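Reading the structure
Residue-level listing of the chains:
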Amino acid sequence: MKRQASITPWPKPTGGPHPVACHFCDTLHEGSAVPEGSAARCRRCGVLLYQNRPASLVRVTAFSLAALILMAMVNMFPFLSMEANGIKTELSLLRAASELIREGSVTIGWCVAGFTIIAPLMMACSMLYVCGPLLRGRAAPGARYVASWLGRTEPWNMIEVFLLGVLVSLMKLGKMAELHFGVGFWAFAALMVCMAAAVAGIDRNELWDRLEVAAE
Amino acid sequence: MSPPTPLPRAIDQGLANCEICGKITPVVACRCPRCGAALHLRKPASLQRSVALLVAACALYLPANLLPIMTISELGDVMASTILEGMVEFWHRQAYPIAIVIFVASILIPIIKIVALVWLCAAASGKVHPSPRILGRIYWFTELLGRWSMVDIFVVSILVALVQFGAYMTVTPGPGALAFAGVVVLTMFAAMSFDPRLLWDRLEIMKAAETPPPTLDHE
Ligand SMILES: [Zn+2]
Ligand SMILES: [Zn+2]
């Protein structure tokens, strides 16, 4: 309770007005504060400018921590196994990428590894690294550098697309074999939800305003 | 001098909107004081980059759909499967929802995305004149949906990892998969390098050209 109250609402950096420009039509706005839970939209084109998410830092920290734990579970527990003709094969995120590389499709193998393992892992780690210390109003060393890579990594995190891929594969295999879901699969579904919640948890402008204030 | 517009634009005041952190800084500063990213009024060479990436994506689109994305060998029979064949197979097995998902994600989205981006580039260079509201929707669509096309690549990776039953049944990746992944990644890069503000710049130019010298007319 007390900790919650000690987090400042959304500090604006010192030194004059803080204009915001619409990334879609370039219209300048004042960038005045909005109440928690609401958003500011562009006056000309209606695109979302920024939004004030409730309990943003706590949410991002909690969800990215949960995402890291779930990632460990996804890789520790069986994901999906299949039995046909007396032979049992297993699927895991690592195997989905490494089997492609072993079969000679090195580029696609690394793409799959990048989109389903490396990008989500980098995002969860950097969100935790940046937002954790910000809870106490401090910026971790190199936090600005880490945060600038966060936005660049975001489009390449495709775990929800991989989950759709699992469903399509199940439909393809359904008739020919027995399939068993493991704990890893359910952890992966939960991971998708946690990553989405963590990414949506804080507005980019708020994160950077907090970083700017914290470093000063 | 043109009459003052009620809504000021950042570019008119020489202010750059940082792509990484969103801070507004005079563009003469060259680097963002907050995150260190290079500052530009507009994304550099936006149209040229987008068009080049789109041309490359178009070139890969045919091999992506004509070459097999995977090969299934079952008891000695080797069967190559393209994306379209995979979809038709689901349709024949009456798995209509999944056939529609594959059709939308693998065939419809890439082609719509390429056409939409070409159209956006044409609009930004003043070759077509649609309303900015429609363009906004199209841009939002290309940004949001492009990644879902990757689903077929993931299906191949999952089947290759799971279906390894020696002589009984084996799945190996095909050359179409690389081309298809190329189409998805290239269109994602093309959407990223396209600057939607160019559409509004074009609108300003057209408005300035249309506005008659300040007389009594109020058309
Ligand atoms: Zn706008
Ligand atoms: Zn910046």
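Counting residues at the interface gives 62 residues for chain B, matched by 59 residues for chain A. Across the chain B/chain A interface, buried area totals approximately 5,800 Å², and carbon plus sulfur atoms make up 70% of it. Contact with chain A buries area across many residues of chain B, yet Arg34(B), Phe154(B) and Leu162(B) alone supply 12% of it, more than any other trio. Salt-bridge contacts for Arg34(B) lead to Glu212(A); the nearest nitrogen and oxygen are separated by 3.0 Å. On inspection of chain B and its partner chain A, the count reaches 19 residue pairs in polar contact (both at pLDDT 80 or more). Contributions of two or more residues to the side of chain B that touches chain A are made by strand E1 (15-17), helix H2 (83-92), helix H3 (96-124), helix H4 (132-145), helix H5 (151-162), strand E5 (169-173), helix H6 (175-193) and helix H7 (197-210) of chain B. For the side of chain B that touches chain A, the element with the most residues is H5(B), which contributes 11 residues. Partitioning the side of chain B that touches chain A into residue classes produces 44 nonpolar, eight polar and 10 charged.

All names here are of chain A. Here the zinc ion (ligand 1) is held by the protein donor atoms Cys-22 (SG), Cys-25 (SG), Cys-42 (SG) and Cys-45 (SG), which lie 2.2 to 2.3 Å from it. Around the zinc ion (ligand 1) sit four donor atoms, and with donor-metal-donor angles ranging over 103 to 115° the site reads as tetrahedral. Read N to C, the donor residues that coordinate the zinc ion (ligand 1) are spaced as C-x2-C-x16-C-x2-C. One end of the pair, Cys-22, is in the loop between strand E1 (20-21) and strand E2 (28-29); the other, Cys-42, is in the loop between strand E3 (39-41) and strand E4 (48-51), and 20 residues separate them in sequence. Judged by relative accessible area, which is 0%, Cys-22 ranks as buried.

The next thing to look at is the coordination of the zinc ion (ligand 2). All names here are of chain B. The coordination sphere of the zinc ion (ligand 2), as far as protein atoms go, consists of Cys-18 (SG), Cys-21 (SG), Cys-32 (SG) and Cys-35 (SG), spread over 2.2 to 2.3 Å. Bound by four donor atoms, the zinc ion (ligand 2) shows angles of 100 to 117° at the metal and therefore tetrahedral coordination geometry. Linear spacing of the donor residues for the zinc ion (ligand 2) on their chain is C-x2-C-x10-C-x2-C. With Cys-21 in the loop between E1 and strand E2 (24-26) and Cys-35 in the loop between E2 and helix H1 (46-66), the pair connects residues that are 14 residues apart, well separated along the chain. The same class applies to Cys-21 as to Cys-35, namely buried.

Take the sheet that holds strand E7 (residues 178-181) of chain A next. All names here are of chain A. Taken in spatial order, the three strands line up as E6-E5-E7 in an open sheet, and their pairing is antiparallel. The open sheet has two edge strands with one neighbour each: strand E6 (87-91) and E7. Geometrically, the sheet is characterised by an average inter-axis angle of 20° between neighbouring strands, direction not taken into account. Sheet topology note: the strand E5 (residues 80-84)/E6 ladder contains five bridges and is antiparallel. Directly across from Met-82, in E6, lies its bridge partner Thr-89.

Attention now goes to the confidence of the model for chain A. Averaged over all residues, the pLDDT of chain A is 88; the fraction at 70 or higher stands at 96%. Every residue in residues 1-5 of chain A is under pLDDT 50, and counting partners more than four places away or in other chains gives three contacts.

In a disulfide, the sulfur atoms of two cysteines are held together by a covalent bond. In the structure shown here, the tally under the stated rule is zero disulfides over all chains. Looking at the unpaired Cys111(A), the closest cysteine sulfur is the one in Cys58(B), lying at 20 Å. Summary of cysteine pairing: Cys30(B) is not part of a disulfide, and the nearest cysteine sulfur, belonging to Cys32(B), is at 12 Å. A relative accessible area of 52% places Cys30(B) in the exposed class.

Moving on, we come to the pairing of E4(A). All names here are of chain A. Across three bridges, E3 lies against E4 in antiparallel orientation. Looking at E4, one finds that Ala-39 is bridged to Gln-51. Linkage of E3 to E4, two consecutive antiparallel strands, is achieved through a turn of six residues, within which Gly-46 is found at a positive phi near 80°.

How two aromatic rings sit relative to each other is set out by the distance from centre to centre and by the angle between their planes. Under the criterion given, the structure shown has 15 aromatic pairs over all chains. Taking the centre distance of 5.7 Å and the plane angle of 45° together, the rings of Phe181(A) and Trp186(A) count as tilted. Classification of Trp186(A) by relative accessible area gives exposed; the value is 53%. Chaining the aromatic ring pairs together yields one cluster made of Phe79(A), Phe162(A), Phe181(A), Phe185(A), Trp186(A), Phe188(A) and Phe154(B).

What counts and what doesn't
Residues numbered from 1 in each chain as written. Chains lettered and ligands numbered in written order. Predicted model: local features only at pLDDT ≥ 70, side-chain atom pairs only at ≥ 80, totals over all residues. Heavy atoms only, no water. Contact = heavy atoms within 4.5 Å. Buried area = accessible area lost by both parts, 1.4 Å probe. Salt bridge = Lys/Arg side-chain N within 4 Å of Asp/Glu carboxyl O. Polar contact = N/O pair within 3.5 Å; in protein donor to acceptor, adjacent residues only side chain to side chain. Helix = DSSP H or I, 4+ residues; strand = E, 2+ residues; numbered from the N terminus. Nonpolar A, V, L, I, M, F, W, Y, C, P; charged D, E, K, R; others polar. Donors = N, O, S within 2.8 Å, 3.2 Å for Na, K, Ca; no water. Tetrahedral: all angles 85-135°; square planar, octahedral: opposite > 155°, others 65-115°. Buried < 20%, exposed > 50% of the residue type's maximum accessible area, 1.4 Å probe, protein only. Pairing = 2+ DSSP bridges. Axes fitted to C-alpha atoms, helices over the stretch in contact; angles between N-to-C directions. pLDDT = per-residue confidence, 0-100. Disulfide = S-S within 2.5 Å. Phe/Tyr/Trp six-rings, centres within 6.5 Å; stacked < 30°, edge-to-face > 60°.

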